[in-house]
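# Breakdown of the fold
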Amino acid sequence: MGQVGESRKFQDVLTALEETEAGYSIATAIRERGTAVRFGQIGEDVIAYSDPGRNEIVVNEGLSDASPNVLIQHLAHEGTHVQWNRPSSIDQEYHAFKAEAEVWNQLKGDETNKQCDWVRGMISQGEVEAKKKIRWLYPGLPEYA
Amino acid sequence: MIERGYVVFQSGKSQFPYTFLYPAGWKTREIVEKGYAGVFVAGPRNQAGTFSVSFTVGVMFEIVQTAKEAATAFVSSHRLAFGCQELGQISTTVAGRPAVVAEIAYSMPLPLNSVKPQDTLIRERRVFFKRNSHLYELDYAATEEDYETWLGAFQTLVESFAFPEEPTDTLSYRPVVTAVPQPVREESPEYEAERDQSNE
C-alpha cells in the first residue's frame, strides 16, 4: 500500500471512529492534536503504540490487511492515550480498553477477532474486575498518573 | 509467629483493617475505588514474560449477595465472557467466617497487545466471604505453568487472613508449614511495566 493509499485508509478509519458513540471524542482529539497515524514495523509483534514525542500512532504493518473494524478498534485504544496525554496508568489502560470494547460492540456485527472479543469480555465484567486483569499484564503501572 | 519466607501485610488505607501473610519479595499496592478497596500483590512473571502471578485481596462495600451467590456470579460472568471451565466450588472458613472457594480456568491471548498472541491457560481461585454487609474476595491468578508452584503461598494468605481488632479466639489463623516456592525468575524488572510509553 502506498503512502497515499495508507493515508486515505486511516482517514476513513478515523472518520468511522468519529461516527461511533464512544469514538467521537477520541477521533476529535486525534484530529485536533494533528496526530499522524501510519503503519510501521514494530518490535515484539506489538499491535500498535502511540508516541507522544513524535505525535503519532503507529500500527503494526502486519495489520495492513486487517478489517476496518479491527483497525478502528485499535485506533480507539491508542487514540485514548492521545486524548489523555499523560503517562500511562492502570486507569488509563482501563479506559483505553473500554473504548476499544465499546467501539467493537457497536461495529462488529457478526465479525469475530480473538483479541477484540477477549477485550470485550474483559470490559463486560465491570471496572473492578477488568482492572484486576490489567494489573496482571502491567503490574508496574501506577493506578493513576 | 511469622512463617519463614513470608511477611505480614497490614492494610493502611482500608477503613476495615486486616492482615495477612504474603511471600517476601512480592510487591503490594493498595487500591481504593468507589465502593471497593483492595490490595494487589504482584509476584513473578511467567516464563514468557507476559503475565504476573498475583494475589488480590478486595472488599466490596454494601453488597447484598451472599458469598455463595458471589461465587456463582463470578463463575457465570467468566463463563459468559471467556467460556471458562469451572473446576469446582467448596466451602471453607476464613477468619472464622463461612467462605466459598471457586476455581476456574480460561484461555487468554497473551500478550494481549500482540499481533501473534498465544492462547494461554489462566487458572484463578477466588475465596468469598462476608463480614457484616461487606463482601471480601481473596483471589489467586496464575498461568497454568505456575499455578501449582504458588498455590501453597495463596493458601498461607487465606489461612493467615485476620481482622486485628477481633479477639484472637475468633480468628482462623493457624501457623502452617508450607514450602516457600522459588520464584520463576528473580530479576527485578519482572515487576516493572513492559514499556514506559502508552503503547499497546
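Let me sum up the structure you'll find in this document. (Residues numbered from 1 in each chain as written. Chains lettered and ligands numbered in written order. Predicted model: local features only at pLDDT ≥ 70, side-chain atom pairs only at ≥ 80, totals over all residues.)

Below, the discussion takes up the overall build of chain B. The helix and strand tally for chain B stands at two helices and nine strands. With 200 residues in all, chain B has 40% of them scored as buried. (Helix = DSSP H or I, 4+ residues; strand = E, 2+ residues; numbered from the N terminus. Buried ≥ 20, exposed ≤ 12 C-beta atoms within 10 Å, placed from the backbone.)

To continue, consider the overall build of chain A. Of the regular secondary structure elements, chain A holds six helices and three strands. What you see in chain A, going N to C, is helices and strands ordered as α-α-β-β-β-α-α-α-α. In terms of overall dimensions, chain A is globule-like: its C-alpha atoms have a radius of gyration of 14 Å, near the 15 Å expected for 145 residues. Reported as C-alpha extents along the three principal axes, the dimensions of chain A are approximately 40 × 40 × 30 Å. Counting all 145 residues of chain A, 44% fall into the buried class. (Rg over C-alpha atoms; globule rule 2.2 N^0.38 Å.)

Attention now moves to the interface of chain B and chain A. Across the boundary between the two partners, chain B contributes 29 residues, which contact 33 residues of chain A. Elements that contribute at least two residues to the side of chain B that touches chain A include exactly β3 (27-33), β4 (36-45), β5 (52-60), α1 (67-82) and β7 (97-110) of chain B. A class-by-class count of the residues in the side of chain B that touches chain A yields 15 nonpolar, nine polar and five charged. (Contact = placed C-beta atoms within 7 Å. Nonpolar A, V, L, I, M, F, W, Y, C, P; charged D, E, K, R; others polar.)

Moving on: the pairing of strand β8 (residues 118-131) of chain B. All names here are of chain B. Two strands pair when backbone bridges link them, and β7 and β8 are joined in this way by twelve bridges, in the antiparallel orientation. Counterpart to Ala-102 in the pairing with β8 is Arg-126. Sheet analysis places β8 next to strand β9 (residues 134-143), joined by ten bridges and oriented antiparallel. Counterpart to Arg-131 in the pairing with β9 is His-134. With antiparallel pairing between neighbouring strands as the criterion, β8 and β9 make up a hairpin whose turn holds two residues, including Asn-132 at a positive phi of roughly 55°. (Pairing = 2+ DSSP bridges.)

In this section: the sheet that holds strand β3 (residues 56-60) of chain A. All names here are of chain A. Pairing is mixed in the open sheet, where three strands are placed in the order β1-β3-β2. Of all the strands in the sheet, the pair left with one neighbour each is β1 (36-40) and β2 (48-51). On average, each strand axis in the sheet is tilted by 20° relative to the strand beside it, whichever way the strands run. With five bridges joining them, β1 and β3 adopt parallel strand pairing. Counted as the bridge partner of Phe-39 is Val-59 from β3. (Axes fitted to C-alpha atoms, helices over the stretch in contact; angles between N-to-C directions.)

Take the sheet that holds strand β6 (residues 85-94) of chain B next. Residues and elements named next belong to chain B. The sheet built from seven strands is open, its strands ordered β3-β4-β5-β9-β8-β7-β6 with antiparallel pairing. Each edge of the open sheet carries a strand with a single partner, namely β3 and β6. Strand-to-strand, the axes of this sheet are offset by a mean angle of 20°, without reference to chain direction. Bridge count for β6 against β7 is nine bridges, and the pairing is antiparallel. The residue of β7 that forms the bridge with Ile-90 is Val-101. Its contacts with the sheet place α1 against β6, β7, β8 and β9, and it is angled at close to 10° to β7. Packed on one face of the sheet, helix α2 (residues 144-160) meets β4, β5, β6, β8 and β9 and runs near 150° to β9.

Residue and element names in this part refer to chain A. Residue position: Glu-127 is located in helix α6 (residues 127-137). Glu-127 gets classed as partly exposed once you count the C-beta atoms within 10 Å, which come to 16. Once the C-alpha coordinates of Glu-127 and Ala-48 are considered, the two residues, 79 residues apart in sequence, prove to be 23 Å apart.

On to unusual backbone geometry. Here Leu-110 of chain B and Pro-111 of chain B are connected by a cis peptide whose omega angle stands at -10°. Here Pro-111 of chain B is to be found in the loop between β7 and β8. The phi torsion at Asn-55 of chain A lies on the positive side, around 50°, for a residue other than glycine. Its place among the elements puts Asn-55 of chain A in the loop between β2 and β3. Of note, the phi angle at Asn-132 of chain B is positive, near 55°, even though the residue is not glycine. Within the fold, Asn-132 of chain B resides in the loop between β8 and β9.

Moving on, we come to the pairing of strand β2 (residues 19-23) of chain B. Residue and element names in this part refer to chain B. Burial runs high along β2: four of the five residues are buried. Here five bridges tie strand β1 (residues 6-10) to β2, and the two strands are oriented antiparallel to one another. Pairing of Val-7 across the sheet is with Tyr-22, part of β2.

Let us now look at the nonpolar core. With 89 residues, the main nonpolar core has Leu-17, Leu-75 and Phe-97 of chain A together with Phe-128, Leu-157 and Phe-161 of chain B as its most contacted residues. By residue number, the principal contributor to this core is helix α4 (residues 90-107) of chain A, which donates nine residues. (Core = buried A, V, L, I, M, F, W, Y, C linked by C-beta atoms within 7 Å.)

Don't take any of this as a statement about function, it's just geometry.
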